[in-house]
Each structure stands twice: as structure tokens, then as C-alpha cells.
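This is what each chain is made of:
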Amino acid sequence: MFPLCRHIELREVCEDAEGQAAAGEGPRQVERRAPARSNRVRDLSAFLLGGLLALLIARPAARNSPSVQRLLTLHDSTLAPQAEVPDDELSPWYIPGETLPAQQPIASGGSGKNYAFVQIVHDDPKGPPRQLWRSLVMAKALHKFSRYPLVLIAELGDQRLGGESAIQVLANLNVHVVPPSSLLKPSETGIDISNPDHVEYLRIYVWGLTQFDKVIWLDTDAVLFRSMDAVFEYAPPLEWREEVACPSVQTRAAMLLVEPRQQDVEQMAALFGARRSAEWAAQGVEGLIGYHFDGDLPSLNDVGASAKDPWALSGTCIFGGNSSCSCLPTARDGSSRRSFPMPMPAQVFRSSASSDCFSTDIAAQEALVDGVRTNVCQHPLGSYWRDLLCEAWAALPEPEVPGFCEDGAWFLSNSSRPPQDRGDAEDVRPRANLQICNTFAGNGGAQPQSPVWTVDPKVNLQCFEMVKALYLEFAVGEVESRNWCWVGLKEYGCHSHLWEHYSWTEMHLLSVAKGGTVPLPAFNALQDSSVCDHRSLGASPEIGPGDREEAHAWFKGNVAVYVLNLQASTERRATFTKNMGDLRIPFKIVWGVDLRIPGAWNDALKQGLIPASFDLGLAQQLANLKTNGMGPVLGTIGCAAGHLRAQLLAATRKSAKPISLIFEDDVAPEEDFVVRVWKLMREEVPCDWQAVSLRSGCPYGICVSPRLTRVLPDTNEPAWRCRHGVNYGFQGMLYRTSELLKLRKALRPVVFNARRPHCLDVDVALAAISNRLRYYAVPAVQAPGFLKETNQGSTRWSINVDTKWSDQVHVAVAKG
């Protein structure tokens, strides 16, 4: 594992704080942590990066080597915001932007033998591409276990996966797509793939892959656990079929070893044309293949008897209540070959009679077990299949099935329909999932819409004049460029009262009284505001006997706490240390970024906190425009860089916990803070969550529970202003640790877009892209809520005020 803290530029990140001593923890070094699903990938990446650093130290000239530059692109902290940054969880052999041509000649591996694996994919165009997803699983497995490529016989056309061309995505995984029409014309076979009755006959096209000496066809309902390359050494044709260990399941071929020959595919195509009167027709394609080869094909199970022979390479894995149906290799007589030293077969065909565990349908995986709603696919086989699929999906810019790769959504399921009744019919009681979310909590819907305040152009002009009369410098730009009634409501109803607990109805009245907006039409920035836009909902939660102790035990086991603090801010650090000690909450200090210090800018660049491509001069120039009205931004940039540093540390720390809580040093948690967080996570936070703000000023979005909103981008404000003016508050942020690197990757380029200086406010930037994330927040109206202000002022604002000079001096001092 690559120790993050041995990197000389990040050493200061690892400083322990007085907070640890107050909590009884000794100093310890923080190291890079790999999520459970990708330990092997992380270890390999760490090994490569460690060796790379040594190379750069020994040979500075090597920095310009193309291969070195390619490796450096794998490290998130060194990339420019406009680059295609791969997730930390991606396999190191996939580098976005360096994809294979969609139809380049197929390589058969390094063995010198012209072999390949083959799958056939045909999905209903009206439904999800389930077979295509399953082929991704096989592609990932073959990458681990085989020297030979995967060929996909499929008509994909312009089909897309996660927003990218499916053919290109597959090419990145060493999968070559061959359309059936390139092997035989439909007019030559009579096979119409739009006819569901014809689809199974696509299997005869396997014999048309004459560029290979041998191919192994695998059903898409299969997964590999070990190498099957040894099967290529047997004489084709050869099949493996489900055996009789589970007689209730109709058997079918799961694997074929084939020697492609054009005459075979043409003859079988002719048989298909005459199928209506054929004696084999009732057996479909398997009857056709058997008839062509004069009877049943030789079975893989019958060709050997030693532990090295291929009968040990395949098996059924049926979980249907019959104890004799096990995940073991089987023989013709139905007996399991238990003497084999590795009982898990290389290939497992079908996870169940309907193969529910080889699918993304969480509802189909659910059952009532002793009255408890349970995902029955959480055995090693189901988890293994899911991990392979999620590894393949990690390279996609958009999720194919939102939530499926979220551990919280899968390990107890988060289905919207009742589970299949496979046992008792008792009611299933909601319960917390993995103790960090509630699977039955609402999330505002799949595609919630931002609240929009529509005003008549004449009313908008009236509001413009009202705002202009209150503050001339504020009302700049074209009247049509903004909703000035909304501008006045926010400025004089909310921004002037950020640490007061007002509902949107009250804030509207305050702005009207100030003369900042019109009374009608009324507008509330929270949909379903009756659910959460109330002061009383912030009262201390009711707790039962033992709840406080349980909450503290839960917090200690699930939440890692970090506090963002400047090294020079000793008074703030002392205040926060005392507050956290009173609450028995251990924490770590993460040093903030003070860009007033000479050399701090270059240090931030070296650490990847600020992208090298970020143009500070342009950002400051645009921030100074009256349309933005921001003034100096050096403190704002340092604040954003500090949060990105804290996120990186929390996500990569060796001793990371499921939840990372990052505080700013100007707030204090309420006395019952631990109990509040415990109840919020267990009762109200949906299992798709990535981030939760514990105090959101001017909340905008939709109320999803009494103490939680789903944050949405404010579409009443233009994008060039970064949808600025709502969802203020990064004072206390909960992050799902397993999602933090992905969130950081999405956030960083938005923050450091010099052409949109309002996005330098990191809370504003995250709210602006909340439609791409699952971001929730506690509305600030609730009193007292989770956090209170310590009245020490804003460090960010102080630094901005201290740097009121020209752009040229600003940049020169910042860069040291």
C-alpha cells in the first residue's frame, strides 16, 4: 500500500491535533486506504506510483516521458479540471481517452494460439440491456483469468452505456463486437433478430467466427471463478450442460467448445430454414446443433477423470431450497466430485432457476426470511458477480443503474415494490441498513425537479427597481438576465439573516417589509415545505433508555471526524478542542490553506489541491466585475482547497470509517449532537446518499423527511453565476466515505472554473451539481438544530478583505 503521508508535500496533512489527545488517542500516521471492492487495484496502483516517485527522484528527466505522464494521469490530485479523470477505483489498465478502435483486428492473447471466448447478446430494445451488462461481468472475469479476448456477437449500432458508445466501452475492456450480419446475411439464414422466437438461433453464428482456430461459447448467465483456458486443449465440438443435481430445473447447454467452419454455419442455417417439419424443432437451437452433429455433443464432464481434467471446470449453483443443489462440479450421474481440491468450479452457470443473483433487479433478490425483508443474493456468489459488474461500470461517466453499486442500497436492498414471498408472509418492519442509512427513507424521486418562481416581465422590472433602490451597486446587468424578485427575496430575506432560524414564508415577509421583493406571487424554495420547513423540528430528539450509550457506540464505530483549521488560528483550535472534548468526540485536525503565506500557492499546486491549469488572474478579474460583485477571492480559493484536502485525507485514510464528518472551526456541535446524527442516519437518510450538510442556509430543493431536504440546483439563477445564493453551509458535512473520491472528482473541476468565480464558494459549487449527486441537507430553519455559531467570524472573509489589491499584485503574492 502506498503511504500517502510519506509524500513530502502531504506530510502536513497528517499532523495530529490536540483533539486526539483530548479524546485519549495517541498520534498515528495516516495512510492511504483502499475501498474493500478495489484493494487489488489500489495496491497495484500504489506499487506503480511508488516506483514512479522513486524514478522521478533518481531521474528528473523521466518526468517528461510519455509513459510516466500516462501513469501520472491515474492520480486524481495531479489532473487539470478539464481532463477526463478516472475514478480511484478504476482498473489501472483503463485510461480514459486512450481507447481501442472499435473494430481493430482481434488479438488472441500472448500465447500465440488463435483462440477466443464468445458470448451472444440480444436485449429487448424496450427494456434495460441486461445481457449486455452480463457480458461486462464476463469481460472483467476474463481479464483476470484468461489470455484470450472476448468476442461479442451483437447488433449494438449506436447503443450507449453510461452515456458513452457501448462499442467503445466494450473495446476498452478488450471486447470485440461482431454484428451477426457480418457473419451471415439475414437473407442467407432467414433469422430475424426482431422475432423473439428466432433469437436463440443466433448461437449457430458462433461457427462463423472462422478467424479463430477454436472458440468457447459461454452463456451470459455464467460467471468465471478460475481460468478455463485448459478447455481449448480438447478436441471440439464439446459441450457442458447443466447436470441432474437439480432435476427440477430444465437443463440447457452453458458452454460449447467450437472449431469454427463456414460449412457448419451454412448447413445449420439451412436446417433452420426447414425447422417447421423437423423432428428436432421442439428442442430449439440445441436440437438443431445436436441433429447437425448426429446426436448429443461429447460432454465436458465425460472427457476426463483426474483432478486436472475439465469436468472440474464447470458446475451448477442453484439455490432453490433443495439441499442437494450445491455450487460444485457435477458428473453425468449427478454426483458431486467432492474429492477435487478446489470445489468451487471455474464456471458457475445460473445463480438460481431464474438467475436472480446475476441481475441488477434488487426487488427480485428480496425475500421474507423469518419475517425480515432480506436480499438473498448476499452470498459470496452474488456479491462476486455484483463486484465484477460494478468494476466495469466504474469507468462509465454515468451510472447505468443508480444505487445498485451503493453498498447501502444493496446489502439490505432499496426496492420500491414488495419483496417476493419466499417464506413467511409477515409484515416487514423497516430497519436501519448497515447503520448508516434507512432503506425505507424517501429520496424525493428518481428525477426531482427544481422549484421555479415564474414572474411576469413587468413584475420582474418592478423588483429590479426595488433592489436597485436598496443597493444601487447590486442591481447591475440586463433586467431579463435574472429573476430580480428572487434576488431580492434571497438577499433581504435570507442572506441578511443566515444564522437566524426563519422559514421561507417568514423570509419572504422580511424581504417584503424591507422593500426587496413583491408579496405576490408567493414562492417557497422548498417543495413539500410543510414536511421540513419548521423551526420546531430542530428540537432535541426524544430518546429512550440506553439510546445515548448506543448512539455514542455507533458514532465511535462509524464516524471519523476531521476539523479544518489554519495553523495560525490557535484560538479557534483551542475553542473547538474544548467543545469536542466536552462531547467526548475524538477528531483530527486538517490544516487549511492560507494563500497569503509566501509559497503557499506553489505548495497547493504541488499537492494537487489547486489545478495547475487554474487561472487566478482571470478568476479575480471576473470576480471584480459588477455583475459578480465578489471582490478579492484569495480566501475563498484557500477555503475550497482546504475542503478538498480534508476530503482527500478522509477518503484515503487507512483507518477510515463508513462516514467522514468534516467540520469548519467556527461552529460548535449541540450538546446532543451525537444522538441527533445517530437518529438522522438511522431514521431519515436514504441509502443512496453521498453527502449531507448538517446546516443549510437558504435551503433549496425538496423536503424528503422532517429533518432533511434533497438539495437541487437553483435553476432560477443563471449557470454563469453557479446557481449562487442558496444552500449555504459547509460548516458540518457528512460524507459517505466510499463515495468521497467520486464526489471530489465531480466537485473539483467545477470549483476551479475561472470563468465562473462564484463556483469558488465550495458549498455553492456542490449545490450547483447536486442533480448529478445524491446530496441532502438539514434546513437552517430548525432550531437549535445540529450546529451553532461560535461568533469568531469568517476566516475566508478576513483573508479576502486582507488582500484588497490589484490583480497583478494579488497573483504575484499568491504565487510567492
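Here, the structure is the one placed above.
Residues numbered from 1 in each chain as written. Predicted model: local features only at pLDDT ≥ 70, side-chain atom pairs only at ≥ 80, totals over all residues. Heavy atoms only, no water.

Engineer: Report on the nonpolar core, specifying residues and quantitative values.
Structural biologist: Grouped together as the largest cluster of nonpolar side chains are 64 residues, with contacts concentrated most on Phe555, Phe663, Phe673 and Leu694. Setting aside residues no more than four positions away along its own chain, Phe673 makes contact with Phe555, Ile585, Leu661, Phe663, Leu694, Phe786 and Leu787. Counting residues in hydrophobic clusters, the runner-up holds 58 residues, among them Ala691, Phe752, Val762 and Ile769. (Core = buried A, V, L, I, M, F, W, Y, C linked by side-chain atoms within 4.5 Å. Buried < 20%, exposed > 50% of the residue type's maximum accessible area, 1.4 Å probe, protein only. Contact = heavy atoms within 4.5 Å.)

Engineer: Break down the packing of helix α7 (residues 262-273) against helix α8 (residues 284-292) for me, with residues and values.
Structural biologist: Where α7 meets α8, the axes come as close as 10 Å, and the angle between the chain directions of the two elements is 125°. Classed by the angle they form, the pair α7 and α8 counts as oblique. The element α7 and its partner α8 pack so that their crossing is right-handed. Residues Asp264, Gln267, Met268, Leu271 and Phe272 of α7 touch α8, and the partners they reach there are Leu288, Ile289, Tyr291 and His292. Along the lines of polarity and charge, the residues of the contact of α7 with α8 split into six nonpolar, two polar and one charged. (Axes fitted to C-alpha atoms, helices over the stretch in contact; angles between N-to-C directions. Helix = DSSP H or I, 4+ residues; strand = E, 2+ residues; numbered from the N terminus. Parallel < 35°, antiparallel > 145°, perpendicular 65-115°, else oblique. Left-handed = near helix turned anticlockwise from the far one by under 90°. Nonpolar A, V, L, I, M, F, W, Y, C, P; charged D, E, K, R; others polar.)

Engineer: Got a sec to walk through the state of the cysteines? Specific residues and values, please.
Structural biologist: A full pass over the atoms with the stated rule returns six disulfides. Here Cys437 connects covalently by a disulfide to Cys687, the sulfurs 2.1 Å from one another. Taking the sign of the S-S torsion, 85° for the link of Cys437 and Cys687, the bridge is right-handed. With a gap of 250 residues between them, Cys437 in strand β16 (residues 437-438) and Cys687 in the loop between α20 (673-683) and β22 (691-696) connect regions that are remote in the sequence. Since its relative accessible area comes to 0%, Cys687 is described here as buried. Between Cys722 and Cys759 runs a disulfide, and the two sulfur atoms are separated by 2.0 Å. With the S-S bond torsion at 105°, the cross-link from Cys722 to Cys759 turns out right-handed. Of this pair, Cys722 sits in the loop between β24 (708-711) and β25 (732-736) while Cys759 sits in the loop between α21 (740-751) and α22 (762-768), and the two are 37 residues apart along the sequence. Assigned by exposure class, Cys722 and Cys759 land together as buried. (Disulfide = S-S within 2.5 Å.)

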